[in-house]
Amino acid sequence: MLPTLANDPRIELVSATDPQAPACAQFERDFGVSCVESVQALCAHPDVQAVYIATPHALHASHLDMAAAHGKHVMVEKPMALSLQDCTRMIEAAKRAGIVLMVGHSHSFNAPIARAHQRIQSGEFGAVRMIQALNYTDFLYRPRRPEELDTAQGGGVLFSQAAHQLDIVRLLGGGLVTQVMAHTGAWDPERPTEGAYSALLSFASGAFASVSYSGYGHFDSDQWMGNIGELGQVKNPNDHGAARRRLSQTHNAEQEAALKAARNYGAAQWSGSTATPAGLLHQHFGPLVVSCDRADLRPTPHGLWVDGDGQSALEPIAPTAVARQEVIDEFYNAVIHRQPVLHSGVWARATTALSLAILKSAQSGQPVVPEFQVAPNASV
Ligand SMILES: NC(=O)c1ccc[n+]([C@@H]2O[C@H](COP(=O)([O-])OP(=O)(O)OC[C@H]3O[C@@H](n4cnc5c(N)ncnc54)[C@H](O)[C@@H]3O)[C@@H](O)[C@H]2O)c1
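All figures in this text were calculated on a predicted structure; none of them were measured in a lab.

A few points about the layout of surface pockets
Over the atoms, a rolled probe matching the size of one water molecule traces out where space is still vacant.
Stage number 1. The space that makes up the second largest pocket amounts to roughly 350 Å³.
Stage number 2. In terms of lining residues, the second largest pocket is bounded by 17 residues, among which Ala 114, Glu 326, Glu 330, Leu 342 and His 343 are the most central.
Stage number 3. Every element with two or more residues in the lining of the second largest pocket is listed here: helix H6 (111-122) and helix H11 (325-337).
Stage number 4. By residue number, the principal contributor to the lining of the second largest pocket is H11, which donates 4 residues.
Stage number 5. A class-by-class count of the residues in the lining of the second largest pocket yields 7 nonpolar, 7 polar and 3 charged.
Stage number 6. Taken domain by domain, the lining of the second largest pocket gets at least three of its residues from each of domain 1 (2-106 + 327-337) and domain 2 (108-323).

Given below as structure tokens:
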């Protein structure tokens, strides 16, 4: 998110905090402002109007509590929290404090997904009947700390990656999932958390969706997206297998955690930039087909493909000047113009509930009814 926050003229970065000193030092160099010593101090900072919480999942709820206590608006990363109790606590704390609570970024913000949603809402293609979504990545072989490989502490693809895919599919399918039947895979004993899932979702409308994710991918499904990566970047084919190669140079959990830390913002191996890279297309989360009565819709990095009765055409969508501008559009309009957020606490709680239902269905071998489902734009 940093290139987005750094380059959108509606955002002024006034302070930050991180227990890692190199991250704070880099932030101070990049933005010419001072970091503070704790999340508590950041939330109490008189110049701070809103806080972006991008700490590990398990800390989101307590960090929202601190922001709410100081009346600061919050954008909190996905997944919203690890339990539905924490999600509910966050929703209630935000409501009591009268602050905006938006959960994101998730890829359901992407402009081609939003365009598909608008076109479905217009009714021109009839009802949504079926959705297919899949993604093959090397997610499980990126460097992790031990808790990120423990499902009970929020590890694995159901918390980190399903949050994107389920958000997209719920948005396009009408939000209200009535039943889930799922399998999950935890196939690498050295990385003992879920790296894959497949689930069949039933919607209240009668539509159904098949969602699959593999973080064990030797295949990279970005190849089916024109070799455009998740962040809208053209991928270098020579990078194939890079995550596994990098990981193979570490020999224990401490070395792996050190590798992750070294690649963080401001650390020794950090090679990022706060600039928006040139030539980005739209972000995506893998191949996706939405079948309606009179058309199949495919959001892509270039726009929205519409295969209808008499036409097959790409509706191009121009990339925005700043990547993920859609996220700031929604947050800014909520904070400044008090407009409702689509990616609200109740919306994100429903997505978290669906991730948990997939885990439960896979464990029990039974269909599960996910809790707290809501339609898009349900009142908070
Ligand atoms: N939307 C997306 O596409 C996307 C992508 C990556 C990560 N994320 C989300 O962002 C969050 C962070 O993920 P990450 O992989 O960057 O995690 P991370 O483990 O690198 O931690 C993020 C930062 O939080 C800091 N931190 C740790 N404990 C803290 C504390 N007690 N107080 C303040 N700061 C603390 C760390 O030092 C680190 O700089 C997760 O919830 C993740 O799901 C979202």
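Quick word on the side chain of Thr 193
Stage number 1. Within the element layout of this structure, Thr 193 appears in the loop between strand S5 (177-185) and strand S6 (196-203).
Stage number 2. A distance of 3.4 Å separates a polar side-chain atom of Thr 193 from the backbone nitrogen of Gly 156.
Stage number 3. If we skip the residues at most four places from it in the chain, Thr 193 touches Leu 140, Glu 148, Leu 149, Asp 150, Thr 151, Gly 155, Gly 156, Gly 185, Ala 186 and Tyr 216.

Overview of the site of the ligand
Stage number 1. Of all residues adjacent to the ligand, which total 20 residues, the nearest are Asp 18, His 57, Lys 78, His 105 and Arg 145.
Stage number 2. One of the side-chain N or O atoms of His 57 is found 2.9 Å from an oxygen atom in the ligand.
Stage number 3. The side chain of Lys 260 places a nitrogen or oxygen atom 3.2 Å from an oxygen atom of the ligand.
Stage number 4. About the coverage of the ligand: the protein hides 73% of its 840 Å² of free accessible area.
Stage number 5. Considering only residue class, the shell around the ligand consists of 6 nonpolar, 8 polar and 6 charged.
Stage number 6. When we break the shell around the ligand down by domain, the ones giving at least three residues each are domain 1 (2-106 + 327-337) and domain 2 (108-323).

Some remarks on the pairing of S6
Consecutive side chains of a regular strand alternate in pointing toward one face of the sheet and then the other.
Stage number 1. Of the pairings in the sheet, the one linking S5 to S6 comprises 8 bridges and is antiparallel in character. Bridging from a neighbouring strand, Val 180 pairs with Leu 201 of S6.
Stage number 2. Pairing of S6 with strand S7 (residues 208-214) involves 7 bridges; the strand directions are antiparallel. For Ala 196, the partnering residue across the bridge sits in S7 and is Ser 214.
Stage number 3. The loop that links S6 with its antiparallel partner S7 comprises 4 residues; one of these, Gly 206, has a positive phi angle of about 100°.

A look at unusual backbone geometry
Stage number 1. Residue Pro 79 is reached from Lys 78 by a cis peptide bond, and omega for that bond is -15°.
Stage number 2. Among the structural elements, Pro 79 can be located in the loop between strand S2 (73-76) and helix H5 (84-97).
Stage number 3. A positive phi angle, near 65°, is found at Asn 227, a position not held by glycine.
Stage number 4. Summarising the element assignment, Asn 227 is placed in the loop between S7 and helix H9 (242-247).
Stage number 5. Judged by relative accessible area, Asn 227 falls into the partly exposed class, the value being 26%.

Let's talk about the side chain of His 63
Stage number 1. Secondary-structure assignment places His 63 in helix H4 (residues 60-69).
Stage number 2. The class of His 63 is buried, set by a relative accessible area of 10%.
Stage number 3. Setting aside chain neighbours within four positions, we find His 63 in contact with Val 39, Ile 53 and Thr 55.

Regarding helix H10 (residues 253-263)
Stage number 1. Turning to H10, its buried residues number three or more, namely Glu 256, Leu 259 and Ala 262. Projected down its long axis, H10 shows its buried positions confined to an angular sector of 125°, all on one face.
Stage number 2. For H10, the capping residue at the N-terminal end is Asn 252, with a side-chain oxygen 3.2 Å from the backbone nitrogen of Glu 254.

Observations regarding the packing of H4 against H5
Stage number 1. Between H4 and H5, the shortest axis-to-axis distance is 10 Å and the interhelical angle comes to 10°. Put simply, H4 runs roughly parallel to H5. Contact residues: H4 offers His 60, Ala 61, Ser 62, Leu 64, Asp 65 and Ala 68, while H5 offers Asp 86, Arg 89, Met 90, Ala 93 and Ala 97.
Stage number 2. When grouped by side-chain class, the residues that make up the contact of H4 with H5 number 6 nonpolar, 2 polar and 3 charged.

A look at the domain arrangement of the protein
Stage number 1. Once the domains are mapped, the protein shows domain 1 (2-106 + 327-337) and domain 2 (108-323).
Stage number 2. Between domain 1 and domain 2, the residue contacts involve 24 residues of the former and 22 residues of the latter.
Stage number 3. Roughly 1900 Å² of surface becomes buried between domain 1 and domain 2 when both sides are summed, with 60% attributable to carbon and sulfur atoms.
Stage number 4. Summed over the shared surface of domain 1 and domain 2, the result is 0 salt bridges.
Stage number 5. Across the domain 1-domain 2 interface, the total number found is 11 residue pairs in polar contact (both at pLDDT 80 or more).
Stage number 6. For the side of domain 1 that touches domain 2, the secondary-structure elements that each account for two or more residues are helix H1 (2-7), helix H2 (21-31), strand S3 (101-103) and H11.
Stage number 7. Considering each element in turn, the side of domain 1 that touches domain 2 owes the most residues, 6 residues, to H2.
Stage number 8. In terms of residue class, the side of domain 1 that touches domain 2 is made up of 13 nonpolar, 7 polar and 4 charged.

Considerations on the pattern of salt bridges
Stage number 1. Per the counting criterion, the structure on display carries 16 salt bridges.
Stage number 2. Its salt-bridge partner being Arg 142, residue Asp 138 comes within 2.9 Å of it at the nearest N-O pair.
Stage number 3. The shortest N-O distance in the salt bridge between Glu 256 and Arg 191 comes to 2.6 Å. One end of the pair, Glu 256, is in helix H10; the other, Arg 191, is in the loop between S5 and S6, with 65 residues separating them in the sequence. Comparing Glu 256 with Arg 191 shows no difference in burial state: the two are buried.

About the cut-offs
Residues numbered from 1 in each chain as written. Predicted model: local features only at pLDDT ≥ 70, side-chain atom pairs only at ≥ 80, totals over all residues. Heavy atoms only, no water. 1 Å grid on protein atoms, 1.4 Å probe; cavity = no way out; pocket = protein on both sides within 12 Å on 5 of 7 lines; lining within 4 Å. Points joined across faces, edges and corners; volume = space filled by probe spheres on them. Helix = DSSP H or I, 4+ residues; strand = E, 2+ residues; numbered from the N terminus. Nonpolar A, V, L, I, M, F, W, Y, C, P; charged D, E, K, R; others polar. Domains from an automatic or database assignment. Polar contact = N/O pair within 3.5 Å; in protein donor to acceptor, adjacent residues only side chain to side chain. Contact = heavy atoms within 4.5 Å. Near = heavy atom within 4 Å. Areas by Shrake-Rupley, 256 points an atom, 1.4 Å probe, with all protein chains shown as cover. Pairing = 2+ DSSP bridges. Buried < 20%, exposed > 50% of the residue type's maximum accessible area, 1.4 Å probe, protein only. Arc of directions from axis to C-beta. Axes fitted to C-alpha atoms, helices over the stretch in contact; angles between N-to-C directions. Parallel < 35°, antiparallel > 145°, perpendicular 65-115°, else oblique. Buried area = accessible area lost by both parts, 1.4 Å probe. Salt bridge = Lys/Arg side-chain N within 4 Å of Asp/Glu carboxyl O.

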